[in-house]
Amino acid sequence: MDFVKRTIDLAMKNVEEGGRPFATVIVRDGEVVAESPNRVAQTNDPTAHAEILAVREACKKLGTEHLTDCDFYILASPCPMCLGAMYYCSPRQVIYITTREDYAPFYRDDRKYFELDTFYAEFNKPIDERRMPMIQQKSAEAIKVYQRWKELNAK
């Protein structure tokens, strides 16, 4: 099976149905484990990116949060949220078909605090210099959650 073509076809179908131009196909041992187009427009859920939805489906189906023996086919180089999710589930490899630079003349998705062109520079700034206001409200009780986790999960 041509997984690159399948990914492109899934994204094109989504565009034809009013969705955004992204899709992901997750493959294990030559078989599709999960796939999804981007569903942000259809669900009004800003986390409903193709990679996130496919990862959720694959992990549920395989009964694990680790996808180390899977290959991911994604239409475009991932956004920071999807990249983070992929680092967490650690696929064997990620095959991306196009880049933001390639599709920039045709698609933009700027947000109040987030533009793909500038996000990584924003992310590298100290917290108090970022565009999105972030205020720490310390509580000594918070660390107890982590202490309890360690107690319950110590090996």
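The structure this text deals with has already been given above.
Here's a quick rundown of the structure. Every value quoted in this text rests on a predicted model; they were computed, and no experiment measured them.

## Details of the packing of helix H3 (residues 50-62) against helix H4 (residues 80-89)
In the contact formed by H3 and H4, the axes pass within 8 Å of each other and the chain directions differ by 25°. Classified by the angle their axes make, H3 and H4 are roughly parallel. Our pair here, H3 against H4, has a crossing hand that is left-handed. Of H4, the residues touching H3 (which contributes Glu51, Ile52 and Val55) are Met81, Cys82, Ala85, Met86 and Cys89. Classifying every residue of the contact of H3 with H4 by side-chain character gives 7 nonpolar, no polar and 1 charged.

## Overview of helix H7 (residues 142-153)
Its 12 residues give H7 an end-to-end C-alpha distance of 18 Å, which sits within 8% of 16 Å, the value for a rise of 1.5 Å per residue. Among the 12 residues in H7, 0 count as buried, and that is only a small part of the element.

## Structural notes on the packing of aromatic side chains
Aromatic ring pairs are reported here in terms of the distance separating the ring centres and the angle at which the planes meet. In this structure the tally under the stated criterion is 4 aromatic pairs. Between Phe22 and Tyr107, the ring centres sit 5.3 Å apart and the planes meet at 80°, which makes this aromatic pair edge-to-face. With Phe22 in the loop between helix H1 (3-16) and strand S1 (23-28) and Tyr107 in the loop between helix H5 (100-103) and helix H6 (119-124), the pair connects residues that are 85 residues apart, well separated along the chain. Just as Phe22 is buried, Tyr107 falls in that class too.

## Focus: the layout of surface pockets
Considering only enclosed or pocket space, the largest pocket measures out at about 410 Å³ in volume. Lining the largest pocket are 22 residues; nearest its centre among them are His49, Cys79, Met81, Asp109 and Phe114. When residues of the lining of the largest pocket are traced back to their parent elements, those giving at least two are H3, H4 and H5. It is H4 that contributes the most residues to the lining of the largest pocket, 3 residues altogether.

## Regarding the side chain of Arg100
Here Arg100 lies in helix H5. Despite its burial, Arg100 pairs with no opposite charge, the nearest such side chain being Glu101 at 5.2 Å.

## Things to note about the environment of Cys79
Turning to its location among the elements, Cys79 is positioned in the loop between strand S3 (70-76) and H4. Assessed through its relative accessible area of 13%, Cys79 is described here as buried. Note: C-alpha distance between Cys79 and Lys144 (65 residues apart in sequence) is 33 Å. Sequence-distant contacts of Cys79, defined by excluding residues within four places in its chain, comprise His49, Leu116 and Tyr120.

Rules used throughout
Residues numbered from 1 in each chain as written. Predicted model: local features only at pLDDT ≥ 70, side-chain atom pairs only at ≥ 80, totals over all residues. Heavy atoms only, no water. Axes fitted to C-alpha atoms, helices over the stretch in contact; angles between N-to-C directions. Helix = DSSP H or I, 4+ residues; strand = E, 2+ residues; numbered from the N terminus. Parallel < 35°, antiparallel > 145°, perpendicular 65-115°, else oblique. Left-handed = near helix turned anticlockwise from the far one by under 90°. Contact = heavy atoms within 4.5 Å. Nonpolar A, V, L, I, M, F, W, Y, C, P; charged D, E, K, R; others polar. Expected span 1.5 Å × (residues − 1). Buried < 20%, exposed > 50% of the residue type's maximum accessible area, 1.4 Å probe, protein only. Phe/Tyr/Trp six-rings, centres within 6.5 Å; stacked < 30°, edge-to-face > 60°. 1 Å grid on protein atoms, 1.4 Å probe; cavity = no way out; pocket = protein on both sides within 12 Å on 5 of 7 lines; lining within 4 Å. Points joined across faces, edges and corners; volume = space filled by probe spheres on them. Lys, Arg positive; Asp, Glu negative; His and termini not counted. Salt bridge = Lys/Arg side-chain N within 4 Å of Asp/Glu carboxyl O.

Just distances and angles here, no functional claims.
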